[in-house]
Amino acid sequence: MADNNPRKYALVRLVSENRVVLGSDFIYSLALDKDIVIGRDPNCEIILDAMMYRMVSRRHAIFRPLYTSADGNINWIIQDLNSANGTYINGHRLQGPQKLQLGDRVRLGDDGPEFVFEYELNTFSTAFEQTTPPPPKDVANSSHLHSSDSASFTQLFPIFSTGKDLTRKAYLIPGIFMVVFVILMFATLDKPELNQVLVATFIALAAYYFFIYLLCGKHKPWWILIGSALATITILLSPLLDIFIIIFRDILPGGLPPNQDTITFKELLVRMFFGAGLMEELLKALPILGAFLVGRSLPFPWRERVGVWEPLDGILLGTASAAGFTLLETLGQYIPQVTQNVAEQEGVISAGLLAGFQLLIPRILGSLPGHMAYSGYLGYFIGLAVLKPGKGWQTLLIGYLTASALHALWNATGIISNILLAVVGIISYAFLMAAILKARALSPTRSQNFATRFL
C-alpha cells in the first residue's frame with residue numbers, strides 16, 4: 001500500500017562549471033540516522049579525491065540531520081569543520097551551522113567542488129538512504145564533465161590556476177627560503193664565519209621542517225618556533241647559564257675531572273646525567289614552560305597559538321629550542337675550537353677552516369638523534385601533563401629523567417664504540433618519533449592537523 005505522505009530523502013549532487021553533473025557516480029545520499037562528513041580523509045562518508053581537490057581539507061564539512069519537520073521529513077544543517085579554506089553556501093562563507101534549503105549550493109573552499117542540495121521522493125524503500133555511491137576516481141577524465149578532449153588554458157599553464165595551492169600545498173615558502181639561502185651562501189664564500197652560520201642555519205631549518213614539523217602536522221606560528229630557539233640562545237648567553245653550571249656541575253656531581261683519560265664509563269655516565277642531561281634538558285625546557293605560562297594569560301585564539309596545550313605543542317617548541325641550542329653550541333664552541341687547533345697544528349688557516357666546515361654538517365644533523373630527540377621527548381611530557389593534569393608532576397618527572405638519561409647515554413657511549421654510539425642515536429630518534437605518533441593520536445585538534453593521513 002502506497003504511503004499518502006511520501007518521505008523525502010536528502011542528497012547532494014556534485015556540479016561542475018555551474019552545471020549539474022549527470023550520472024549516479026556523482027550523487028551522494030544523506031543517511032537519516034547519522035552525520036555525513038565530507039573531505040579527503042578515507043574515513044569520511046563522502047570522500048573526495050586528494051590529488052584533484054587539494055583545496056579540500058581532510059575533514060572539511062559535515063551534513064547533520066537536525067530534526068523532523070511537520071510532514072515527517074528530516075531537515076539538514078551544514079557546518080564547517082574548521083577547514084583551511086572554509087565552506088560556502090550560495091556564495092557566502094559559513095560562520096556557523098546553517099539549515100539547508102532545497103537547491104542550496106555548497107562549495108568547499110573559494111574555488112573548490114560544489115554540490116547542490118536536493119530531495120528525492122521515495123514511497124517504497126529505505127534502501128536509498130543506506131547507499132552512498134563511491135566518489136569519482138578521476139573526475140578530470142570523466143566524459144560527464146568535459147565535452148572536449150583538448151587541453152584547457154589552465155591545463156597548459158597550470159601556474160594560473162594553482163596560485164593558492166602553491167603556498168599551502170606545494171612547499172613554495174620552503175622553496176623560496178632555499179633559494180634565498182643558496183644565494184646568500186654564494187655571496188659569503190669569502191667570509192667563512194658568516195658562511196658557516198648560513199649553512200648551519202639552513203641545515204637546522206631543513207631538518208626541523210622536514211623531520212619534525214611536517215611529521216607533527218600541527219600548525220604553529222613560525223615566530224613562536226623561532227622565538228623558542230632564540231630564547232634558548234639568549235639563556236645560554238646570559239648569566240643564567242652560570243647558575244645552572246654552579247648547581248649541576250659544582251654542587252651536583254656533573255663536573256668532569258681534569259684528567260678524563262682514566263675516567264670509567266660508569267663514572268662518566270653519572271657525571272653526564274647531572275652535568276649534561278639534567279642541566280641542559282631543563283635549560284632547553286624553559287622556553288616551553290614560558291610559552292605555557294604566557295599562553296594561559298592570553299585571550300582566544302592567541303592562547304592556543306602561543307601556549308602549550310597538548311603534547312604536539314611541547315614537541316614543536318622543545319625541538320625548536322634544541323635547534324637553537326645546537327646552533328650556538330656548534331658555531332660558538334666546537335667549530336672555533338677545531339678550526340683553531342687544526343690551524344695551529346698545520347700552520348695553515350685554510351686547513352682549520354676546512355676541518356671546521358667538515359664538522360659543521362654532522363654536528364647540525366646530529367641534533368636530530370641528539371638534542372632535538374631529548375628536548376622533543378621532554379616536550380611531549382610537558383604537553384601531556386597539561387592535557388592530562390592528573391598526576392602531572394609524575395608525568396613531568398618521567399619525561400625529564402628519561403630525556404636526561406638518553407642524553408647522558410649518548411655523551412658517555414662515545415668512549416666505548418662508535419657502533420654503540422650509533423645504536424644509542426637510533427634509539428633516541430625512535431623515542432622522539434614514537435612520541436610524535438602518540439602525540440598526534442592524542443591531539444584534540446587531530447581532525448584539523450595536516451599530517452593525520454600518516455596515521
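Residues numbered from 1 in each chain as written. Predicted model: local features only at pLDDT ≥ 70, side-chain atom pairs only at ≥ 80, totals over all residues. Heavy atoms only, no water.

A.B. asks: What is the right way to read helix H10 (residues 349-365) from this model?
C.D. replies: The periodicity of an α-helix, 3.6 residues per turn, causes residues three or four places apart in sequence to face the same way. Over its 17 residues, H10 runs 25 Å from end to end, which matches the ideal 24 Å to within 8%, given 1.5 Å per residue. Those residues of H10 that sit buried are Gly352, Ala355, Gly356, Leu360 and Ile364. The inward-facing, buried residues of H10 abut helix H4 (192-216) and helix H9 (311-346). (Helix = DSSP H or I, 4+ residues; strand = E, 2+ residues; numbered from the N terminus. Expected span 1.5 Å × (residues − 1). Buried < 20%, exposed > 50% of the residue type's maximum accessible area, 1.4 Å probe, protein only. Contact = heavy atoms within 4.5 Å.)

A.B. asks: Which parts of the structure should I look at to understand the pattern of salt bridges?
C.D. replies: All chains considered together, the criterion is met by 13 salt bridges. Taking the shortest distance from any N to any O, the salt bridge between lysine 218 and aspartate 313 comes out at 2.9 Å. Taken as a pair, lysine 218 in the loop between H4 and helix H5 (222-236) and aspartate 313 in helix H9 lie far apart in primary sequence, 95 residues in all. With respect to class, lysine 218 is no different from aspartate 313; both count as buried. Sharing partners across several salt bridges, the network here consists of Lys218, Lys220, Glu310 and Asp313. (Salt bridge = Lys/Arg side-chain N within 4 Å of Asp/Glu carboxyl O.)

A.B. asks: Would you mind going over the side chain of glutamate 118 with me for this structure?
C.D. replies: Tracing the backbone through its elements, the reader meets glutamate 118 in strand S12 (residues 114-122). Among the polar contacts listed, one links the side chain of glutamate 118 to the side chain of arginine 13, at a separation of 3.2 Å. In this structure, glutamate 118 is in contact with Tyr9, Ala10, Leu11, Arg13 and Leu102, ignoring residues within four places of it in sequence. (Polar contact = N/O pair within 3.5 Å; in protein donor to acceptor, adjacent residues only side chain to side chain.)

A.B. asks: How do you make sense of unusual backbone geometry when you look at a structure like this?
C.D. replies: For residues other than glycine, phi is negative in most cases, and the peptide bonds are mostly trans. In this structure, asparagine 90 is a non-glycine residue whose phi angle is positive, near 55 degrees. Position of asparagine 90 relative to the elements: it lies in the loop between strand S8 (87-89) and strand S9 (92-93). In the Ramachandran plot, lysine 391 falls in the positive-phi region, its phi being about 55 degrees despite a non-glycine side chain. Relative to the helices and strands, lysine 391 resides in the loop between helix H11 (371-387) and helix H12 (392-413). Residue lysine 391 is classed as exposed on the basis of its relative accessible area of 64%.

A.B. asks: Sorry, what's going on with the nonpolar core here?
C.D. replies: In globular proteins that are soluble, nonpolar side chains generally tend to be buried together. Counting residues in each nonpolar core, the largest one holds 48 residues, and the members touching the most others are Tyr208, Ile212 and Ile315. Those elements that place two or more of their residues in this core are H4, H5, helix H6 (240-251), helix H7 (265-296), H9, H11, H12 and helix H13 (418-442). Setting aside its immediate chain neighbours within four residues, isoleucine 212 contacts Ala207, Leu316, Thr319, Leu368, Met372, Leu432 and Met433. (Core = buried A, V, L, I, M, F, W, Y, C linked by side-chain atoms within 4.5 Å.)

A.B. asks: How should the packing of aromatic side chains be read in this particular structure?
C.D. replies: Aromatic rings in a pair are described by how distant their centres are and how their planes are angled relative to each other. Applying the stated criterion across every chain yields a total of twelve aromatic pairs. A ring pair is formed by phenylalanine 181 and phenylalanine 202, whose centres lie 5.6 Å apart and whose planes are at 50 degrees; its orientation type is tilted. Residue phenylalanine 181 is located in helix H3 (residues 172-187), and its partner phenylalanine 202 is located in helix H4; the two are separated by 21 residues in the primary sequence. Phenylalanine 181 sits in the buried class, given a relative accessible area of 12%. The class of phenylalanine 202 is partly exposed, set by a relative accessible area of 25%. Members of the aromatic cluster, connected to one another through ring pairs, are Tyr377, Tyr380, Phe381 and Phe431. One cation-aromatic arrangement involves lysine 284 over phenylalanine 325; the distance from NZ or CZ to the ring centre is 5.3 Å. (Phe/Tyr/Trp six-rings, centres within 6.5 Å; stacked < 30°, edge-to-face > 60°. Lys NZ or Arg CZ within 6 Å of the ring centre and 35° of its normal.)

A.B. asks: What is the right way to read the packing of H3 against H4 from this model?
C.D. replies: The angle between the axes and the distance between the axes are what describe a pair of packed helices. Where H3 contacts H4, the axes come no closer than 10 Å and their chain directions differ by 165 degrees. Judged by the inter-axis angle, H3 sits roughly antiparallel to H4. The element H3 and its partner H4 pack so that their crossing is left-handed. On H4, the residues touching Pro174, Met178, Phe181, Leu184 and Met185 of H3 are Asn195, Leu198, Val199, Thr201, Phe202, Leu205 and Tyr209. A breakdown of the residues in the contact of H3 with H4 according to their chemical character gives ten nonpolar, two polar and no charged. (Axes fitted to C-alpha atoms, helices over the stretch in contact; angles between N-to-C directions. Parallel < 35°, antiparallel > 145°, perpendicular 65-115°, else oblique. Left-handed = near helix turned anticlockwise from the far one by under 90°. Nonpolar A, V, L, I, M, F, W, Y, C, P; charged D, E, K, R; others polar.)

A.B. asks: Honestly, H4 in this entry has me stumped. Any pointers?
C.D. replies: Here H4 contains 25 residues, and its C-alpha end-to-end distance of 35 Å stays within 8% of the 36 Å for a straight helix at 1.5 Å per residue. At tyrosine 209, H4 shows its maximal kink, close to 35 degrees. Just past H4, the residue glycine 217 takes up positive phi, approximately 75 degrees. (Bend = angle between axes of the 7 residues up to and from the residue.)

A.B. asks: Help me out: how do you make sense of a nonpolar patch on the surface in this one?
C.D. replies: A surface patch of nonpolar side chains, about 600 Å² in accessible area, is lined by Ile415, Ile416, Ile419, Leu420, Val423, Ile427 and Phe431. Examined against the element boundaries, leucine 420 turns out to sit in helix H13. Under the relative-accessibility criterion, leucine 420 is labelled partly exposed at 37%. (Patch = residues over 30% accessible without salt bridge, like charges linked within 9 Å, V, L, I, M, F, W, Y side chains within 5 Å. Areas by Shrake-Rupley, 256 points an atom, 1.4 Å probe, with all protein chains shown as cover.)

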